[in-house]
Amino acid sequence: MASNPRTAPQRGHPPRRLRSSWPVMLLAREGTPIFCSPFSLRRQTQGCRGRGAGCEELGRGIFKATGWPLWRETQHRALSCGPRPLATARPLSAQPNLLLLHLLAVALNGLRRCAHACGRPAEEAWALAAASGQSRRTSRAPCCTASRSLRSRRPGPDRAQPARKYERKENMLRLGHAWTWLAVTVGALLGATPSASRDLFGSRPNILLLMADDFGIGDIGCYGNDTIRTPNIDRLARDGVMLTQHLAAASVCTPSRAAFLTGRYPLRSGMVSSNGYRVLQWTGVSGGLPTNETTFAKILKDRGYATGLIGKWHLGLNCASSNDHCHHPLNHGFDHFYGMPFSMMGDCIRWELSEKRAGMERKLNVCFHIMALAALTLTAGKLTHLTSGSWTPVIWSTMAAILLFATSYFLGALIVHADCFLMRNHTITEQPMHFPRTTSLILKEVSSFIQRNKQTPFLLFVSFLHVHTPLITTEKFRGKSVHGLYGDNTEEMDWMLGKILDTLDTEGLTNSTLVYFTSDHGGSLESRLRNNQYGGSNGIYKGGKGMGGWEGGIRVPGIFRWPGVLPVGRVIHEPTSLMDVFPTVVQLGGGEVPQDRVIDGRDMLPLLLGTAQHSDHEFLLHYCENVLHAARWHQRDGGRLWKVHYTTPVFHPHGAGACYGRGVCPCFGDQVAHHDPPLLFDLSRDPSEAHALTPDTEPAFYRVMDTISRAVEEHRLTLRPVPMQLDVLGNIWKPWLQPCCGPFPLCWCDRENGQA
């Protein structure tokens, strides 16, 4: 066996070392090039001794690639004696400049071998080649051949051995010096060029999160729709990364948004119910996102970010009084809030499609008729002397009937004033809302926030009021879409998104801003009136909003853009979740993911960059209120995506794809079907969930069921009992909690125009 040419002494020479004339180029993971000779490296290392690792540690990767035997290999540690701490190491493929330097270092290593081989006798060169896996036939590099041919043409019949040795050394040193200074030059140019590594770890990006409301994944051009115009969303996808298996943690607003902000299943924070109240029902309720929950806004605010929320909140407001604001966005990490504390709904304009007004009016009318009939019966009995006693029951029943009639009559106005208003921070600015100008007010607020905070890193969460019913659309876009009012509203939202991106361009912030677009859950299929569909389309996926397990209720768009950092036009077919945004933006902003609680989200950055091939999610669970309806298993080794359904809603009418005639499908009761054994689908082959597998059609049926069952049991062991924020006590209207810009119930103001 040939001895190692790196360490074996050469004939007639002392043991070889890396000469001080060969500078070593290192690149810190912050993107700053450092040039060190062996002597300067030793001095820097000694200077850092006791304060952390030096250039020795920093250059381990390049030393390993080149084979320069300068120091022992050790683990990377932070360069505490440098100007800034280094971030966690990432694969070379995610760091273009460092990757180029790595390739350059490998090339230099080959040239160094070539130079040494050119300066040695044939036997030593062959030994060196054998150690690197080359044959004798190919051991001589082209540079050696060229060098020999040039020397063979020199005049003089007698070429003495000392002269030949001197020429070989001279050629080797010239070649080494030339390529060394080429490396130095390229390294300097790379150090002056913006790189993904520097963008990721040298400076913190601005973060712009855009979330639509009730937006179906089948209504976007880049996801396959060719009849609704969404050019700005499509441009965002072309310039960035698109996720095709992005999932909401719940199929309705309140729990899904709670999971998005906290990175946790809503069951962990209590943002679910057990009695059919799927979302917060009023602004004046005591339920909401608990104060002990940590949002990504709270973490980034502590890291120096300016944080803002513009648009929809729908996660509660007050606990004990009308102005304690315990659930307010400003109490959950946001510096600035402008928008609706509640949610857009048909009742805001007394629309025919009603979320709660129509049902409440029916109940009040029934009660009114009962009390009115009772009052008339008692009165007739007294007048005809068929009953005896006082008139007190008659008076009370009459007063109750009058109160019920008045409540039913004024209920619509009460809802409009109680829930449909705008706030700026803690101040109500418009109660009720003047909808024709809401879109322009939202855009103006977004532009103002970006301009105010463009000198510092910011996190801005724009939570669109589109495309929730009643689909309020400005005149400019009404009648423009072939899909009626829903298409008009969608195209207006796309235009708004384009305006926001234009603001980034105008302020010069495009390249330093991570932009993310999604929806809180799938489109609403039940939003249909006669022959008009006012809800979205979920494409090929079964079901829609409110259905805890079917893909149409939880499959949402997911698009990321960060110019110069994220690859352009990348499409990812791995399971990801809205909960993943939490750890992703926290770590990008320099924060730390909390260790005192279970975080169900996973950092998506390696997947977005392409340095990871698979999602960190092996299992994902799908709840409907506090009931587990479905679970999925991403079997990475086989490339299969399994999904089981334990409970599914019973569609009405029979054979339909939704629960028409009611707001959303129920989670339990006699209107759901329980499956034993559970329904099994292979989403990798059947994304529409059209063909349930059986033990006869799928050999792995029982193994899949057993694997998912064990994962579900392990998940349940991590759950802890918490108060249900959406149950009756936390979700019933309390007058003393009702925000009002005047003495209740005279809630009217318009501070947007200076009127109050």
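For the structure itself, consult the block above.
Asks: How should I be thinking about the side chain of Arg264 in this particular structure?
Replies: Among the structural elements, Arg264 can be located in the loop between α10 (253–262) and α11 (266–269). A distance of 2.8 Å separates the side chain of Arg264 from the backbone oxygen of Val598, its partner in a polar contact.

Asks: Mind showing me how you'd approach the packing of aromatic side chains here?
Replies: Between two aromatic rings, the relevant description is the distance of the centres plus the angle of the planes. Applying the stated rule across the entire model yields 18 aromatic pairs. Judged by centre distance (5.5 Å) and plane angle (85°), the rings of Phe260 and Phe296 are edge-to-face. With Phe260 in helix α10 and Phe296 in helix α12 (residues 296–302), the pair connects residues that are 36 residues apart, well separated along the chain. Neither residue differs from the other here; Phe260 and Phe296 are each classed as buried. Between Trp733 and Phe744, the aromatic rings sit 6.2 Å apart at their centres with planes inclined by 45°, giving tilted as the arrangement. Taken as a pair, Trp733 in the loop between α21 (728–731) and β20 (749–750) and Phe744 in the loop between α21 and β20 lie far apart in primary sequence, 11 residues in all. Between Arg528 and the ring centre of Tyr660, over which it is positioned, the NZ or CZ distance is 3.9 Å. The aromatic ring of Trp550 is capped on one face by Lys542, whose charged end is 4.1 Å from the ring centroid.

Asks: Looking at this structure, I do not really get the packing of helix α15 (residues 438–452) against helix α16 (residues 484–506). What am I missing?
Replies: The relative placement of two packed helices is expressed as an angle between their axes plus a distance between the axes. At a minimum axis distance of 10 Å, the contact between α15 and α16 shows a crossing angle of 20°. What the angle tells us is that α15 and α16 run roughly parallel. Regarding α15 and α16, the two cross each other, and that crossing is right-handed. Contact residues: Thr439, Ile442, Leu443, Val446, Ser447 and Ile450 in α15; Glu492, Trp495, Met496, Lys499, Ile500, Thr503 and Leu504 in α16.

Asks: Looking at this structure, how should I read the side chain of His314?
Replies: Mapping His314 onto the fold places it in the loop between β5 (306–312) and β6 (336–340). Setting aside anything within four residues of it in sequence, one finds His314 in contact with Cys253, Thr254, Val279, Leu280, Met340, Pro341, Phe342 and Ser343.

Criteria and cut-off values
Residues numbered from 1 in each chain as written. Predicted model: local features only at pLDDT ≥ 70, side-chain atom pairs only at ≥ 80, totals over all residues. Heavy atoms only, no water. Helix = DSSP H or I, 4+ residues; strand = E, 2+ residues; numbered from the N terminus. Polar contact = N/O pair within 3.5 Å; in protein donor to acceptor, adjacent residues only side chain to side chain. Phe/Tyr/Trp six-rings, centres within 6.5 Å; stacked < 30°, edge-to-face > 60°. Buried < 20%, exposed > 50% of the residue type's maximum accessible area, 1.4 Å probe, protein only. Lys NZ or Arg CZ within 6 Å of the ring centre and 35° of its normal. Axes fitted to C-alpha atoms, helices over the stretch in contact; angles between N-to-C directions. Parallel < 35°, antiparallel > 145°, perpendicular 65-115°, else oblique. Left-handed = near helix turned anticlockwise from the far one by under 90°. Contact = heavy atoms within 4.5 Å.

Geometry only, nothing functional implied.
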